[in-house]
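Summary of the model geometry
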Amino acid sequence: MSFQDPASTAPREPTVAEQRARRDAVRREREAELAAQAEAERKRTLRKRILIGAGVTVGVVAVVAVIYAAATPDEVTAQCTDSNGVIVDDDYCDSSYATSHGGYSSGGFIYIGGSSYRYNYGGTGTIGQRVSGGSYDAPSSGTSVKTSSGKSVQRGGLGVGGSGKSSGS
């Protein structure tokens with residue numbers, strides 16, 4: 001016979017090897033689907049954790065920014081100090097006072113007669129004592145800086161602006 005008639009011919013039973021191969025193929029297909037679902041679930045969980053972490057990070061940064069903004073004073077007191085950190089009269093940090101006494105100012109420092117002077121922002125103490133705390137970095141531009149005698153300090157810490165000498169003690 002050169003061909004089989006599908007209407008009258010009965011298909012043969014698959015062999016044991018063919019049955020095993022079909023079962024293995026179905027099992028591998030099922031395992032691949034389960035692995036793909038597990039991988040999709042893992043990626044979804046990871047993405048969710050990353051988004052939550054990013055949200056928490058943004059929240060923490062916002063809280064820190066609010067605390068910093070609330071803690072940053074609108075007005076800071078500047079203390080004129082010598083090179084040893086001892087508080088001196090405010091005139092020594094005035095660039096016009098320095099030039100009238102043969103000195104000059106450069107890079108935030110005032111030089112008079114071989115000694116250097118600069119402002120400490122936010123430190124405390126009295127004339128003749130070492131300054132306690134504060135920073136030698138000028139505060140942000142939105143902050144008002146005044147000396148203990150009430151003079152306004154120009155931005156950047158060079159010189160003293162305002163109405164001149166006060167009538168101290």
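The paragraphs below set out a description of the structure included in this document. Note that this is a predicted model, so its numbers are computed, not measured.

What about the pairing of strand β1 (residues 75-82)?
Counting buried residues in β1 gives six out of eight residues, a clear majority hidden from the surface. Direction of pairing for β1 relative to strand β5 (residues 144-147): parallel, over a ladder of four bridges. Residue pairing across strands places A78 opposite T147, the latter belonging to β5. With five bridges connecting them, β1 and strand β4 (residues 115-121) associate as antiparallel partners. Note on β4: the bridge partner recorded for C80 is Y119.

Quick word on the sheet that holds β5
Strand order in the open sheet made by the five strands is β2-β3-β4-β1-β5, with mixed pairing throughout. Single-partner strands in this sheet number two, and they are β2 (104-106) and β5. Taking the axes of each pair of neighbouring strands and ignoring which way they run, one obtains an average angle of 30 degrees across the sheet. With three bridges joining them, β2 and strand β3 (residues 109-112) adopt antiparallel strand pairing. By the bridge assignment for β3, Y104 is matched with Y111.

Remarks on the packing of aromatic side chains
Overall, the coordinates contain five aromatic pairs when judged by the stated rule. Ring centres of Y119 and Y121 lie 6.2 Å apart, and the angle between their planes is 45 degrees; this geometry places the pair in the tilted category.

Side note on a nonpolar patch on the surface
Together, I52, V56, V60 and V64 line one region of the surface with nonpolar side chains, adding up to about 350 Å² of accessible area. The residue I52 is located in helix α1 (residues 16-71) in this model.

Examining the pattern of salt bridges
Any two side chains of opposite charge can pair if their charged atoms end up close together. This model, assessed by the stated rule, comprises six salt bridges. Of the charged contacts in the structure, one is a salt bridge between R27 and D24, with a shortest N-O distance of 3.7 Å. Taken together, the residues span about one helical turn, with R27 and D24 both in helix α1 at a distance of three residues. Residue R44 is joined to E41 by a salt bridge in which the shortest nitrogen-to-oxygen separation is 2.8 Å. With a gap of three residues between them, R44 and E41 both fall in helix α1, about one helical turn apart. Of the residues examined, E41 reaches a relative accessible area of 39% and is grouped as partly exposed. Sharing partners across several salt bridges, the network here consists of D24, R27 and E31.

Conventions and cut-offs
Each chain carries its own residue numbering, running from 1 in the written order of its sequence. Since the coordinates come from a predicted model, pLDDT governs what is reported: local features require at least 70, and pairs of side-chain atoms require 80 or more to be given and counted, while whole-chain, interface and lining totals use all residues. The basis for every side-chain value is the complete set of heavy atoms in the structure, and neither hydrogens nor water enter the calculation. Per-residue accessibility, obtained with a 1.4 Å probe over protein chains only, is compared with the maximum for each type, and a residue is labelled buried under 20%, exposed over 50%, and partly exposed between these values. For helices the rule is a DSSP run of H or I covering at least 4 residues; for strands it is a run of E covering at least 2, with both sets numbered from the N terminus onward. In this description, strands pair whenever DSSP reports at least two bridges between them. Axes here refer to lines fitted to C-alpha atoms; in helices the fit is confined to the stretch in contact. Angles between the N-to-C directions go from 0 to 180 degrees. Any pair of Phe, Tyr and Trp rings, taking the six-membered ring for Trp, is counted once the centres come within 6.5 Å. Such a pair is stacked with planes under 30 degrees apart, edge-to-face with planes over 60 apart, and tilted for the rest. Distance thresholds for patches are 9 Å for like charges and 5 Å for nonpolar side chains (Val, Leu, Ile, Met, Phe, Trp, Tyr), applied to residues having over 30% relative accessible area and no salt bridge. Accessible surface area values rest on a Shrake-Rupley calculation with a 1.4 Å probe, where residue burial reflects the displayed protein chains alone. When a carboxyl oxygen of Asp or Glu is within 4 Å of a side-chain nitrogen of Lys or Arg, the pair counts as a salt bridge.

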